[in-house]
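The lines below spell out each chain.
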Amino acid sequence: MPQLPHRSLTLFSQTYLQLKKTIGLGCTLVALIGAWLFFIEPPACQAAFPGTNGRIVFTSLRDDFLGDIYSMNADGSEIVRLTSSAGNDDSADWSPDGSQIVFTSRRDGNSEIYVMDADGSNQTRLTNHPADDFLPCWSPDGTKIAFTTDRDGAFSSIYVMNSDGSNPMKVGTFTGGPEGTQAWSPDGTRFAFTRYLGGTSAIHAEIFVMNVDGTNAVRLTTNSVVDDQPNWSPDGTQIVFGTGRDGNGEIYVINTDGSNPTRLTSHPASDQTPVWSPDGTQIAFTSERDDGSGRGDIFVMNADGSNQVNRTLNPVADRRPTWQPIRVTQTTLMVADTLNNRIQRFDGSTWSVIGTGLSGSGNGQFRTPEAVAFSFDEQFIYVADTGNNRIQWSTDAGITWGDFATSGTGPHQVKAPQGLALDREGNLYVADTGNGRVARFDGGIPGPATIIAANGLASGQVRSPRGLAISPTFQLFITDELASRILRINNANLATTSTSGIAIATLGTALNRVKNPQGIALDQNGTLYVADTGNSRIVRWINSNPNNGSSLALVGSLLGQVNRPEGVTVTQFLTGPYAGGPFLIVGDTLNNRIQGRFIPTSSWTLVGTPNNSGTGVGSFRNPGKIR
């Protein structure tokens with residue numbers, strides 16, 4: 001073996017494949033090399049999916065020498081073993097919704113790709129090939145898995161398959177050396193990856209980006225050593241990576257065009273395998289600084305390199321962290337197309353109709369619907385079927401429909417509902433407008449609801465609730481249209497009284513006041529957006545504080561102007577021209593259109609047909625609440 005300046009997947013590809021192919025390793029030697037390669041550090045191949053920060057999954061030798069996969073809280077507490085197999089389990093990556101983990105396992109004698117649920121259950125093999133498949137990572141939309149493989153011969157290549165393991169296909173046509181450590185961009189259009197360039201040095205690898213079909217490969221780094229382990233920031237503006245350019249393993253960050261390389265770690269020991277946290281504020285990585293034996297621990301630091309803290313401090317190796325995203329921003333849009341008596345869905349590229357598309361009172365039919373809410377996987381969809389005095393729901397992504405709550409005044413009934421919201425626990429909140437109350441249906445299932453805001457004008461009461469927005473920390477914001485105010489209920493998932501709301505904005509025209517507000521939405525940073533209908537404007541309140549307000553759109557019919565808007569939401573599309581960042585969308589009701597703009601830019605665009613007004617798909621008549 002050559003003396004190595006840096007442990008890397010490049011070495012994994014070069015050394016492992018050469019040994020395997022040129023000397024015909026037996027099973028025992030392959031197993032031993034597999035264990036040794038754990039220390040060579042093929043990094044986890046995680047895409048940084050936007051969201052709040054969940055658990056960290058990592059590989060450890062703490063219970064056996066071959067290595068298994070574990071998860072822990074971000075502060076290092078509650079460590080749980082997820083795998084226990086006869087072969088090395090390694091290189092885990094979270095699905096974009098944080099519900100599953102894809103990983104590499106040698107339990108079958110060679111390296112194959114498996115998937116399991118977040119708690120370690122339902123471990124399922126996805127690949128079955130005599131070659132080695134390793135370093136899997138999920139696409140941002142959850143439909144694909146990219147992986148590195150040696151199934152093409154002398155050098156490793158990047159492949160993409162469906163998330164069920166079907167239809168594996170090679171990406172690109174490069175044959176000059178190994179490629180791997182691929183990481184999807186947050187918008188799903190590109191890979192950052194490592195390419196081995198050979199040359200006179202024992203190890204030479206650089207960071208490239210390319211389209212997901214393998215075209216337009218662009219080199220981002222230029223060194224005579226190893227730059228590898230790239231990982232995109234959740235906002236898609238930077239790439240963090242490991243490098244040997246300083247004589248040992250250190251962590252750097254660059255812009256996605258390769259500019260502005262910035263060193264984040266500086267320690268005589270090796271720092272490597274960096275991954276961004278879903279909220280973009282922190283980076284987890286492997287460091288050998290605290291054990292002096294090259295084993296490694298899981299560290300977390302701020303995104304600027306400050307506050308580097310050991311989270312495992314274990315006498316055996318803990319390596320290759322990846323961070324669970326808890327999604328707080330939806331990736332599709334649904335619109336209550338009120339006067340067209342239907343719900344429309346937009347995935348960033350294509351509009352479609354949810355339900356039958358017909359006006360009526362049958363299942364899947366709607367009459368002047370005012371609001372829609374859905375789970376992140378879109379299996380559960382709820383519609384405020386306002387004109388029919390009911391809520392309809394679908395538990396199979398809109399294929400079949402039924403009544404969730406029917407007309408009446410009982411705790412399980414509604415009257416002219418106009419607002420809906422789902423929290424991350426699956427609880428459904430309903431602005432039961434005709435009954436002048438806000439209700440919570442625990443678990444998002446039919447049955448008697450808890451009234452958390454009763455009818456009235458006293459503190460914590462509502463007169464005409466219209467719009468709802470719920471934060472990841474269960475702060476519920478309510479627009480009370482006829483009272484011209486906005487209320488906040490803390491810990492709404494646990495509230496049991498009907499007067500727990502606090503008014504945070506009242507009637508007026510100043511930026512911290514509202515008039516007949518209807519739509520309301522939160523982004524992942526806690527910024528609150530209000531469709532201030534009576535004032536014909538959209539206002540933004542930083543940190544959900546009305547005193548940190550600004551106006552984003554005023555009255556008018558030009559692009560970027562609004563006329564009595566009733567809907568507002570924030571979406572992070574994964575495909576189409578609006579992919580790549582948080583996208584603010586407005587239901588511009590009396591202008592019969594949907595407008596949108598990237599956050600924080602100020603350039604508005606129509607989201608739909610060129611004129612928006614009409615009855616065709618992608619056109620609207622008095623669009624109401626949007627989600």
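Residues numbered from 1 in each chain as written. Predicted model: local features only at pLDDT ≥ 70, side-chain atom pairs only at ≥ 80, totals over all residues. Heavy atoms only, no water.

Colleague: Go over the overall build of the protein, please, and point to the residues and values.
Modeller: A count of helical and extended segments in the protein gives 2 helices and 48 strands. Here the protein holds 627 residues, and 60% of them are scored as buried. Sequence-distant contacts, at least 24 apart, represent 46% of the contacts inside the protein between residues at least 6 apart. (Helix = DSSP H or I, 4+ residues; strand = E, 2+ residues; numbered from the N terminus. Buried < 20%, exposed > 50% of the residue type's maximum accessible area, 1.4 Å probe, protein only. Contact = heavy atoms within 4.5 Å.)

Colleague: Tell me about the pairing of strand β28 (residues 371-374), and name the residues and values.
Modeller: By the alternation rule, side chains of β28 split into A371 and A373 and V372 and F374, which are all buried. Pairing geometry for β28 and strand β29 (residues 381-385), over 4 bridges, is antiparallel. From the neighbouring strand, A371 faces β29, where its bridge partner is A384. In textbook terms, the turn of a hairpin is the stretch between consecutive antiparallel strands, and for β28 and β29 this stretch comprises 6 residues, one of which, E378, has a positive phi near 65 degrees. (Pairing = 2+ DSSP bridges.)

Colleague: Outline the sheet that holds strand β47 (residues 605-606), supporting the account with residue identities and numerical values.
Modeller: With respect to topology, 4 strands assemble into an open sheet ordered β44-β45-β46-β47, the strand pairing being antiparallel. The open sheet has two edge strands, β44 (567-571) and β47, and neither has a second partner. Two strands pair when backbone bridges link them, and strand β46 (residues 593-598) and β47 are joined in this way by 2 bridges, in the antiparallel orientation. If you follow G596 over to β47, its bridge partner there is T605.

Colleague: A description of the environment of A553 should follow, citing residues and the corresponding values.
Modeller: Looking at the element boundaries, A553 is found in strand β43 (residues 549-553). As for A553 and R540, which are separated by 13 residues in sequence, their C-alpha atoms are 9.8 Å apart. Residues contacting A553, with those up to four places away along its chain left out, are S536, R537, I538, G560, V562 and W604.

Colleague: Can you break down the pairing of strand β36 (residues 465-470) residue by residue, with the values?
Modeller: The side chains of a regular strand alternate between both faces of the sheet. The element β36 is extensively covered by neighbouring structure, given that 6 of its 6 residues are classed as buried. Relative to strand β37 (residues 476-480), β36 runs antiparallel, the two being bridged by 5 bridges. Looking across to β37, one finds that P465 is bridged to D480.

Colleague: Requested: an account of the side chain of S484, with residues and values cited.
Modeller: Within the secondary structure layout, S484 lies in the loop between β37 and β38 (485-489). Look at S484 and you get buried, because its relative accessible area is 6%. Excluding residues that lie within four positions of it along the chain, S484 makes contacts with A505, T506, L507, V514, K515, N516 and P517.

Colleague: Explain the side chain of S394 to me, and be specific about the residues and the numbers.
Modeller: With respect to the helices and strands, S394 occurs in strand β30 (residues 390-394). At a separation of 2.8 Å, a polar atom in the side chain of S394 contacts the main-chain amide nitrogen of G398. Discounting chain neighbours no more than four positions away, the residues touching S394 are Q379, F380, I381, I399, T400 and W401. (Polar contact = N/O pair within 3.5 Å; in protein donor to acceptor, adjacent residues only side chain to side chain.)

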